[in-house]
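# Working through the structure, step by step
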Amino acid sequence: MASSYPTFTLSEKLTDQQVEFFNIHGFIHFKNFITKPTVESIIDASKEVQQKWINTDIQKVNGVPIKYGKDIDGKKIVQRFAFINQHHKTLSGLLLDPRLSALLPLAGEDSRLGIEEKDGMVFNHYVNGPESGFTKMGWHTDGLRDIFYGGKLNPMLNVGVHLSTQTEENGGLKIIPGTHKQSIYQMLFRKKYFLDNRPDKDEISILPEAGDLTVHDGRLWHRVAQSSLRGEPSRRRVIYIPIIAGKYVPKNENSPTVFYQRFAGIVK
């Protein structure tokens, strides 16, 4: 099902209409959060971090495995960066935008940007090439993380800053609206985590343009569909910043790899 939902403009305070839309559907899409030159500067920054990590063979950051792959020309690239905000001023500077603070009430009281927790600011780089290691991701909810962390199931939102323009042919983020209100049983067993990437009759496509921002509740069932395109037209870059509530659990270079991240090998 193609995207057919309303879009909004993000300012330093959410409107009642925006809050109501998010509470009902579990996601919201804001147009033109950052400019095209800012998009390019962020991509350039990611390339700088990538080269440093490749040169020094970084395998984990704060206990989170880094996902490497091959570009369409066969060169090694980073396809999933964790805590990238801690490795370049351009990325950490993005977090200072006051409009991001306007999103915190969507997760309830005492919520915060999880820039030192979970996986920090994540930068995903998808490309559908012959040797790519990251082209899709099966159905999952992010609520499963809290269970593996051994904690209470707290609200967790994913703020997506999109650096590529999406079309239906590009695959990309698919969500099932309203499933953030499901029972714990449904969250655990409605689908086979990461193994199932089949379309769902109730899913919708999130189709942003470069510079847009989206927010989706981590308790929603969501997946990343593989692009039907190959090579350069399939390239897609997106940043995810978590908004979390509950106990503050920062990570550092001595943090262990948590259990659920052992599933990383089946994520393509």
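Criteria and cut-off values
Residues numbered from 1 in each chain as written. Predicted model: local features only at pLDDT ≥ 70, side-chain atom pairs only at ≥ 80, totals over all residues. Heavy atoms only, no water. Buried < 20%, exposed > 50% of the residue type's maximum accessible area, 1.4 Å probe, protein only. Helix = DSSP H or I, 4+ residues; strand = E, 2+ residues; numbered from the N terminus. Pairing = 2+ DSSP bridges. Expected span 1.5 Å × (residues − 1). Arc of directions from axis to C-beta. Contact = heavy atoms within 4.5 Å. Phe/Tyr/Trp six-rings, centres within 6.5 Å; stacked < 30°, edge-to-face > 60°.

A separate point is the pairing of strand β13 (residues 222-225). Consecutive side chains of a regular strand alternate in pointing toward one face of the sheet and then the other. Neither face of β13 is exposed, since His222 and Val224 on one face and Arg223 and Ala225 on the opposite face are all buried. Strand direction decides the pairing type here: strand β8 (residues 137-140) and β13, joined by two bridges, are antiparallel. Across the sheet, the residue bridging to Met137 is Val224, located in β13. In this structure, strand β10 (residues 172-175) lies alongside β13, joined through four bridges in antiparallel fashion. By the bridge assignment, Leu173 is partnered in β13 with Val224.

In this section: the sheet that holds β13. One open sheet accounts for four strands, arranged β8-β13-β10-β11; its pairing is antiparallel. Across the chains shown, the open sheet's two edge strands, defined by having one partner strand only, are β8 and β11 (204-205).

For helix α2 (residues 36-56), with 21 residues, the first-to-last C-alpha span of 31 Å sits near the 30 Å given by 1.5 Å per residue. Regarding α2, the residues found buried are Val39, Ile42, Ile43, Ala45, Ser46, Val49, Gln50 and Trp53. Take α2 and look down its axis: the buried residues cluster within an arc of 160°, on one side only. The outward face of α2, more than 90 degrees from its buried face, is lined by the exposed residues Pro37 and Asn55. With its phi angle positive at about 55°, Asp57 sits one or two positions after the end of α2.

Tracing the sequence through the fold places Leu14 in the segment before α1 (16-25). The exposure class of Leu14 is buried, given its relative accessible area of 12%. For the pair formed by Leu14 and Leu104, sequence separation is 90 residues and the distance between their alpha carbons is 9.8 Å. Discounting residues that sit within four places of it in the chain, Leu14 has contacts with Val19, Phe30, Ala102, Leu103 and Leu106.

Before going further, it helps to spend a moment on the packing of aromatic side chains. By the definition in use, this model includes five aromatic pairs. Note on Trp53 and Phe81: the rings are 5.4 Å apart at their centroids and 45° apart in plane angle, and the pair reads as tilted. Note that Trp53 is positioned in helix α2 and Phe81 in strand β5 (residues 76-81), a separation of 28 residues in sequence. For the residue pair Trp53 and Phe81, the accessibility class agrees, reading buried in each case. Residue classification places Phe81 among the buried positions, given a relative accessible area of 1%. Ring pairs connect the aromatic residues Tyr5, Phe8, Phe21 and Phe27, which therefore count as one cluster.

Don't take any of this as a statement about function, it's just geometry.
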